[in-house]
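# Overview (structure and organization)
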Amino acid sequence: MPDTVSYAERELALATGRIKYLEQGSGAPVVVLHHSWGSPGWLPFHERLAESHRVIAPDLPGWGGSERPAWAREPRDIAILVGRLLDGVDLDEVKLVGLGFGGYIAAELATMNPSRLHSLTLIGAAGLKPDQGEITDQMMLSHRAYIEESFRDHDTYVRFLGDEEPPEEVRQLWDFSREMTARVTWKPYMFNRRLAPLLPDIKVPTLLIWGEQDAIVPLVCARQFEAGIPDAKLELVAGAGHVVEIEEPERTADLIAGFPG
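What comes next is a walk through the structure. Per chain, residue numbering runs from 1 following the sequence as it is written. Whole-chain, interface and lining totals are the exception, using all residues; otherwise, since this is a predicted model, local features are given only for residues with pLDDT of at least 70 and side-chain atom pairs are given and counted only at 80 or more. Side-chain figures throughout are based on the complete set of non-hydrogen atoms in the structure, without hydrogens or water.

## Concerning helix 4 (residues 143–150)
Rules: Buried residues are those whose accessible area, probed at 1.4 Å on protein chains only, stays under 20% of the maximum for their type, while exposed residues exceed 50% and partly exposed ones sit between those limits. By the criteria applied, helices consist of DSSP H or I runs no shorter than four residues and strands consist of E runs no shorter than two, each listed in order from the N terminus. Starting at the helix axis, one direction is taken to each C-beta atom, and the arc is that of these directions. By the convention used here, residues are in contact when the closest approach between their heavy atoms is within 4.5 Å.
For helix 4, the complete set of buried residues consists of His143, Arg144, Tyr146, Ile147 and Ser150. Buried residues of helix 4, seen end-on, are gathered within an arc of 165° and therefore sit on one face of the element. At its buried positions, helix 4 is contacted by helix 5 (154–161) and helix 6 (168–185).

Pasting the structure below:
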């Protein structure tokens, strides 16, 4: 894992439990919501964004160091709590960025309460039922197989996580994350039929970033988001898989920083 220590570790206490987050930089706020397998920590992607923005990377409620809301049963519940995080930290004109499952949460929040948002960026986002194909079901794979499938190829996975078994703390994070993911995304897996009808009312500028080789959330979902959200802009990243922010950190961060212009 990357070992950058330039960020600060913070915590927000809500009635529903503590939310831990990492923060670095100054300027317009960017809030980054992680994948279903939990936050891998402060990445070169975050560091690049923090050169020009105040970057906040929370552990979603129920993941990582944040307390688990035992009552939560669907992604909208998590989106409500992310909204309370924005309120609690008193963030306005937020660039909200969602990665994979985090994109699902970000989209739900944008349909419910966009009042604190400046823009929305969905990167390989789940949340919609694909018109063709399906979202890869991580529950059918080992942790390692699913994470490796998220990368464009084996060599890129090895460069990030190594060729040996991940350390115990990483495996525990994946176990904990998978349990919470199953709790809120099962039946249907990783999509909500009630989300698509609400997309046309999203008024904030929306950027869609997708790896052309995304093997987790098919490219057709990007096209569906693009068709559903007014004036959404789609950027395809050649040669990238599902974890675009890890494989192409500078390109991804620069797209977010420059949007909506």
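## Looking at the packing of helix 2 (residues 75–88) against helix 3 (residues 101–112)
For clarity, the threshold we go by: Note on definitions: angles span 0 to 180 degrees between N-to-C directions of axes, and those axes are lines fitted to C-alpha atoms, for helices only across the stretch in contact. Between 65 and 115 degrees an angle is taken as roughly perpendicular, under 35 as roughly parallel, over 145 as roughly antiparallel, and anywhere else as oblique. Under this grouping Gly is polar, as are all residues other than the nonpolar Ala, Val, Leu, Ile, Met, Phe, Trp, Tyr, Cys and Pro and the charged Asp, Glu, Lys and Arg.
As a packed pair, helix 2 and helix 3 sit with axes 8 Å apart at the nearest point and diverge in direction by 70°. Taken together, helix 2 and helix 3 sit at an angle that is classed as roughly perpendicular. Across from Pro75, Arg76, Ile78, Ala79, Ile80, Val82, Gly83 and Leu86 in helix 2, the residues of helix 3 making contact are Phe101, Tyr104, Ile105, Glu108, Leu109 and Met112. Considered class by class, the residues forming the contact of helix 2 with helix 3 number 11 nonpolar, 1 polar and 2 charged.

## Things to note about the layout of surface pockets
Applicable threshold: Throughout, the protein atoms alone are placed on a 1 Å grid, and a set of points is a cavity if a 1.4 Å probe fits but cannot get out or a pocket if it is open with protein on both sides within 12 Å along at least five of seven lines; lining residues have an atom within 4 Å of a point. Grid points are joined across faces, edges and corners, and a volume is the space filled by probe spheres set on the points.
If you add up the space inside the largest pocket, you get close to 300 Å³. Glu9, Lys20, Leu22, Asp59 and Gly65 are, among the 15 residues lining the largest pocket, the residues nearest its centre. Those elements that provide at least two residues to the lining of the largest pocket are strand 1 (8–14) and strand 2 (17–24). The class makeup of the residues in the lining of the largest pocket is 6 nonpolar, 4 polar and 5 charged. Volume-wise, the second largest pocket comes out at about 170 Å³. In terms of lining residues, the second largest pocket is bounded by 14 residues, among which Glu74, Pro75, Lys187, Pro188 and Phe191 are the most central. Elements represented by at least two residues in the lining of the second largest pocket include exactly helix 3 and helix 6. Residues of the lining of the second largest pocket, tallied by class, amount to 6 nonpolar, 2 polar and 6 charged.

## Concerning the pairing of strand 8 (residues 233–237)
The following threshold applies: A strand pair is defined by DSSP finding two or more bridges across the two strands. A clockwise path from the first strand over the helix to the second, with the strands pointing away from the viewer, defines a right-handed crossover.
The sheet contact formed by strand 7 (residues 206–211) and strand 8 spans 5 bridges and is parallel. Note on strand 8: the bridge partner recorded for leucine 208 is leucine 234. Handedness of the crossover joining strand 7 and strand 8 through helix 7 (residues 219–228): right-handed.

## Structural notes on the nonpolar core
Under the convention used in this document: In plain words, nonpolar cores are sets of buried Ala, Val, Leu, Ile, Met, Phe, Trp, Tyr and Cys residues tied together by side-chain atoms within 4.5 Å.
If you look at the biggest cluster of nonpolar residues, it comprises 84 residues, and the most contacted ones within it are Leu96, Leu122 and Phe225. Looking at this core element by element, the count peaks at 7 residues for helix 3.

## Comments concerning the environment of cysteine 221
For cysteine 221, the position within the fold is in helix 7. Classification of cysteine 221 as buried rests on a relative accessible area of 0%. Linking cysteine 221 and leucine 236, residues 15 residues apart in sequence, is a C-alpha distance of 13 Å.

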